[in-house]
Amino acid sequence: MGGNLKEIRKKITSVKNTQKTTKAMKLVSSSKLKKAEELARRSKVYAKQLNAMFNDIVARVRLRGLDSINSPYFARSKDREIKKLDIIFITADKGLCGGFNTTTIKEVVRLMESYKQQGIKVRLRGIGKKGISYFAFNGIEVLDKAVGLSSMPAFDKAVAFIDNVVDDFLNGATDEVVIVHNGFKNMISQELEAQAVLPLTININELEQVSTLNIEPEDEEDRVLDELARKYIQYNMYYALVDSLAAEHSARIQAMDAATNNAGDLVRSLTIALNKARQEAITTELVEINAGVEAIK
């Protein structure tokens, strides 16, 4: 019985230590989430200005007719044929964040199967150790790999990664590019995003105002449009990383909170078991004492 009591005490100590760890990890992720949210807020301000400039140039080109947009970044026809497609996935470098990584990986696998059924060749480009490791384990090639970028998004590194993808698109190596990541919705939920970033498309109904930018002549408009298109795509890559990081921290907060609560429940359960074991030990000792007294008589 003594051995059983000792074993239960060891389990209680172990679970309490785990509970301290999960509490600490929750606090760290809470702090990091605040920083990631602030970074996302500032990024949205930049995005608003970039989008305004982008739409402004498109509005100018629209005055010459939609067909005059000859930029290679834009879709030429709604009926264009897609034969090759690149999927960029973003996962975390670490685990212990619930189903955060699994959700993204499952969506990538689903998209791969869907595109293959349509006769489209799919190539993967991965950011984040967890996703890269999964596909490597399953023998699926990942063309470009980046570890450390999802946990510490840097604009220059994001640009270096997406520029290779853009160059392949411009050279005809791929016909479309999709980014898949788990995005930040709020403190308690994430939202899966699968966004086609290339080629760019234009919604005529959304272009209401005429450009006020002073750009002459027409060939300058085309050049600026190309430059803005590339910046727009680069930003989308960077923002996806920032958005994914915020979602990762919110997912880890939830996972660590649940783990902490489960540890508390387990400690209470083990404490009850310990008390029962003590009572049984005391009862056994009393029975043995009484039996000894009766034997003496």
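Everything discussed here concerns the structure shown above.
First, a word on what this report is: a plain description of the structure on this page. No experiment lies behind these values; they were computed from the predicted model shown.

Looking only at helices and strands, one finds 5 helices and 5 strands in the protein chain. Of the regular secondary structure in the protein chain, the N- to C-terminal order runs α-β-α-β-α-β-α-β-β-α. Pairs at least 24 apart in sequence give 80% of the contacts found in the protein chain among residues at least 6 apart. By element, 52% of the accessible surface of the protein chain is carried by carbon and sulfur atoms, the whole surface being about 16,900 Å².

Once that is clear, we can look at helix α3 (residues 129-137). Taken together, the buried positions of α3 are G131, I132 and F135. Mapping the buried residues of α3 onto a view down its axis gives an arc of 100 degrees, with all of them on the same face. Exposed and facing more than 90 degrees away from the buried side of α3 are A136 and F137. Residues of α3 that are buried make contact with β1 (84-90), α2 (100-117), β2 (121-127) and β3 (142-146). Residue G139 follows α3 closely and has a positive phi angle near 70 degrees.

Right, let's talk about the pairing of β1 for a bit. The element β1 is largely enclosed, with a buried count of 6 among its 7 residues. Both β1 and β2 contribute to a ladder of 7 bridges, which runs parallel. Residue pairing across strands places I90 opposite I127, the latter belonging to β2. Crossover β1 to β2 through α2 is right-handed. Bridge analysis of β1 against strand β4 (residues 176-186) gives 6 bridges, and the strand direction is parallel. What sits directly across from I88, in β4, is I179.

Pairing is mixed in the open sheet, where 5 strands are placed in the order β3-β2-β1-β4-β5. The sheet terminates laterally at β3 and β5 (189-198), the two strands that pair on one side only. Each adjacent strand pair in this sheet contributes to an overall mean axis angle of 20 degrees, direction not counted. Here β2 runs beside β3; their pairing, made up of 4 bridges, is parallel. Residue pairing in the sheet places R125 in a bridge with D144 of β3. Together, β1, β2, β4 and β5 form the strand contacts of α2, whose direction differs from that of β4 by roughly 150 degrees.

Two elements in contact, α2 and α3, have axes separated by 10 Å at closest approach and are oriented at 45 degrees. One finds that α2 runs oblique with respect to α3. Crossing angle aside, the handedness with which α2 passes α3 is right-handed. Taken together, the residues of α3 that come into contact with α2 (itself represented by N101, I105, V108, V109 and M112) are K130, G131, Y134 and F135. Among the residues forming the contact of α2 with α3, the class breakdown is 6 nonpolar, 2 polar and 1 charged.

What counts and what doesn't
Residues numbered from 1 in each chain as written. Predicted model: local features only at pLDDT ≥ 70, side-chain atom pairs only at ≥ 80, totals over all residues. Heavy atoms only, no water. Helix = DSSP H or I, 4+ residues; strand = E, 2+ residues; numbered from the N terminus. Contact = heavy atoms within 4.5 Å. Areas by Shrake-Rupley, 256 points an atom, 1.4 Å probe, with all protein chains shown as cover. Buried < 20%, exposed > 50% of the residue type's maximum accessible area, 1.4 Å probe, protein only. Arc of directions from axis to C-beta. Pairing = 2+ DSSP bridges. Right-handed = clockwise from strand over helix to strand, strands pointing away. Axes fitted to C-alpha atoms, helices over the stretch in contact; angles between N-to-C directions. Parallel < 35°, antiparallel > 145°, perpendicular 65-115°, else oblique. Left-handed = near helix turned anticlockwise from the far one by under 90°. Nonpolar A, V, L, I, M, F, W, Y, C, P; charged D, E, K, R; others polar.

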